Amino acid sequence: MSESKRLFFAIEPPANIQRQIVRWRAEHFQPEAGRPVAAANLHLTLAFLGDVSADKQQALAKLAGRIVQPGFTLNLDDAGQWLRSRVVWLGTRQPPRGLLQLAILLRAQAARSGCYQSPQPFHPHITLLRNTSHAVAIPPPGFHWTFSVTEFVLYESIFSNGRTRYTPLQRFALSEQPRISDEV
Ligand code: 2AM
C-alpha cells in the first residue's frame, strides 16, 4: 500500500501578487515579528484534508472535479493576527459568495469522505507569518490586491530539511461548464 500524503485544497494567488505581498510584508513587519511564509507557499486554504491515502486522494479529486461553479474575484484588503495560533494573516473584508460556496462544498465532500473538518467557522485567510511571539502592529487599511480566481488547487504539504513546501498536485478549473481536471 502506498504511503499517505498530507493534502489540502487551496487558492493560489498569481505569482506577481505573491511577490507584491512579500514586498509589502517586508516593509510593514519587523524580521523578528514571526517566521515569514515563502512567496511560493502563500495560499488560501479552502479545505484541509489531513493525511490521505492514494485511494482517498483519487476519490476526493474525482468529487472536486465534479464541482461546477463560476470563478470569482478576490480582493485581499484585510489583515489580522490570531494570537492563539500565532499567525498573522491576510484576508478579505467581504468574502465573495463563490469563495464561501466552494469552501463549503469541498469541506462537505472531505467530511463525507472521512477527513476530519474543524468545527471552527471558515475564515478565509492567507497566512503571512507563523510563530509570532507577541502582538504585532497590523498595517492600517488601504492595502489591497485583487485577482480573478479561475481555478483551485490540490496541494501536498511536504516537510523536509526543516522546511515545509506546498506542492500543487492537481488543478481544477472553475467555470459554468463541467471541465476535466488537469494533472500537473
Ligand atoms: P494556516 O495557514 O492557518 O495554518 C496547510 O497546512 C494549510 O492547511 C494551511 O493553510 C493551514 O492553515 C491549513 N490547515 C487547516 N487546518 C489545519 C490543520 N488541522 N493542520 C494543519 N494545517 C491546517
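Residues numbered from 1 in each chain as written. Predicted model: local features only at pLDDT ≥ 70, side-chain atom pairs only at ≥ 80, totals over all residues. Heavy atoms only, no water.

*Asks:* Residue-level account of the pattern of salt bridges, with values.
*Replies:* If charged atoms from side chains of opposite charge come close, those side chains can pair. Going through the model one piece at a time under the given rule, you end up with 3 salt bridges. Here E12 makes a salt bridge to R171, at a shortest N to O gap of 2.9 Å. A residue pair is termed long-range when its members are at least 10 positions apart, and E12 in the loop between β1 (5-11) and α1 (15-28) and R171 in strand β10 (residues 163-173) qualify at 159 residues. Of the residues examined, E12 reaches a relative accessible area of 26% and is grouped as partly exposed. The partner of R171 in a salt bridge is E151, with the nearest N and O atoms 2.7 Å apart. Linking R171 in strand β10 with E151 in strand β9 (residues 151-160), this pair joins segments that are 20 residues apart in sequence. According to the relative accessible area criterion, E151 is partly exposed, its value standing at 28%. Each of the salt bridges in this network shares a partner with another, and the network as a whole consists of E12, E151 and R171. (Salt bridge = Lys/Arg side-chain N within 4 Å of Asp/Glu carboxyl O. Helix = DSSP H or I, 4+ residues; strand = E, 2+ residues; numbered from the N terminus. Buried < 20%, exposed > 50% of the residue type's maximum accessible area, 1.4 Å probe, protein only.)

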